[in-house]
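# Remarks on the overall topology
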Amino acid sequence: MSIKSKAVSLAYTAAKKCPPLRKVLRNSLFAYRRHHYNSHTKGVKTDPKKVIFCIFSGRGYSDSPRAIYEYMLRSEKYRDYSFTWIFQQPERFDFLKENERTSVVKWASVPYEKAMAEAKYWIFNYRVSDHIWPKPDQVYVECWHGTPLKRLGWDLTAGGNVMNTTAEIRQKYDLDSAKFQYLISPSPYCSEKFTTAWNLAHQGKTD
């Protein structure tokens, strides 16, 4: 194991046991990543006909973002749009590049950051990285994934996990709901649960 890997492992172990230290480490990491994102995307203008897609932080090609992407490919309305997919292992999805309007980028890379800064529309089924915020002229559409048969976000009443208290999980949901303009719901049941999980009434996002 390299020195860097050992340091990361030690920091992770310490953060699990000490919430104050976890907060300091997270704030430091956020500031570092935010600085680099800003420096890598400085001067990048929003392309009104560019759409970026991602599921589960780049872990695959499926779910609502795939359905939306494939619909847009078929639609004459979007014939002059370009599309970018984010993957943790982009080489597994090179087949998408057979379409000349589609590109793939690696999660957490500089091309990924530039693509996020350039795309007018973000189509995700999971949270966007904390340090990345849409510009005023960008539109973040949160599709989420599945039907919430368990408590999420603000509906959690106790527990949490080894890396997040209930309060910290709620903060993450607050952060993401402050970013997205649209949250897609497949049913009235989901709409009800999403509204409370993301505390949308408090944010004035229930229309």
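Everything below is about the structure shown above.
Report follows, based on the coordinates. (Residues numbered from 1 in each chain as written. Predicted model: local features only at pLDDT ≥ 70, side-chain atom pairs only at ≥ 80, totals over all residues. Heavy atoms only, no water.)

## A closer look at the pattern of salt bridges
The cut-off we apply is this: We count a salt bridge whenever a side-chain nitrogen from Lys or Arg sits within 4 Å of a carboxyl oxygen from Asp or Glu. In this scheme, a residue with accessible area under 20% of its type's maximum is buried, one over 50% is exposed, and one in between is partly exposed, where area comes from a 1.4 Å probe on protein chains only.
Counted under the stated rule, the structure contains six salt bridges. With its nearest N and O atoms 3.3 Å apart, the salt bridge here joins D94 to K97. Here D130 ties to R127 by a salt bridge, and the two come within 2.5 Å at their closest N and O atoms. D130 sits in the partly exposed class, given a relative accessible area of 25%. Take R127: its relative accessible area is 15%, and that puts it in the buried class.

## Some remarks on the side chain of K120
Selection rule: Only DSSP runs of H or I reaching four residues or more are called helices, and only runs of E reaching two or more are called strands; each is numbered from the N terminus. Counting rule applied: Lys, Arg positive; Asp, Glu negative; His and chain ends not counted. Two residues form a contact once any of their heavy atoms are found within 4.5 Å.
Structurally, K120 is set in strand β4 (residues 119-124). Put simply, K120 is tucked away with no salt bridge, and the nearest opposite charge, on D137, sits 5.7 Å away. Residues in contact with K120, not counting those within four places in the same chain, are T46, D47, P48, K50, D137, Q138 and V139.

## A look at helix α4 (residues 110-118)
Keep this limit in mind: Throughout this description, a polar contact denotes any pair of N or O atoms lying within 3.5 Å of each other; where both atoms belong to protein, one of them has to be capable of donating a hydrogen while the other can accept it, and for residues adjacent in sequence the pair is counted only when both atoms sit in side chains.
All of the buried residues in α4 are Y112, E113, A115, M116 and A117. Tucked into the core, α4 has its buried residues touching α2 (19-41), β1 (47-54), β2 (82-87), β3 (102-106) and β4. Where α4 begins, the side chain of S109 points an oxygen toward the backbone nitrogen of Y112, at a separation of 3.2 Å.

## Observations regarding α2
The test is simple: One less than the number of residues in a helix, times 1.5 Å, gives the span that helix is expected to have.
With 23 residues, α2 should reach 33 Å at 1.5 Å per residue; the first-to-last C-alpha distance of 32 Å fits that figure. When α2 is considered as a whole, its buried residues turn out to be R22, Y37 and T41. After α2 finishes, the residue G43 shows a positive phi value of roughly 85 degrees.

## Overview of the side chain of S177
Here S177 shows up in helix α5 (residues 166-179). S177 gets classed as buried once you look at its relative accessible area, which sits at 0%. Within the local environment of S177, its side chain forms a polar contact with the backbone oxygen of D174, the two atoms lying 3.1 Å apart.

## Topic: the sheet that holds strand β5 (residues 139-142)
Stated formally: For two strands to be treated as a pair, DSSP must find at least two bridges joining them.
The sheet built from six strands is open, its strands ordered β3-β2-β1-β4-β5-β6 with parallel pairing. For this open sheet the edge positions go to β3 and β6 (182-183), each flanked by a neighbour on one side alone. In this sheet, β3 lies alongside β2 in parallel orientation, the contact comprising five bridges. The residue of β3 that forms the bridge with F87 is K106.

## A word on the environment of L29
When you line up the elements, L29 lands in helix α2. Taking the C-alpha atoms as reference points, L29 and H131, separated by 102 residues in sequence, lie 9.1 Å from one another.

Distances and angles like these do not, on their own, reveal function.
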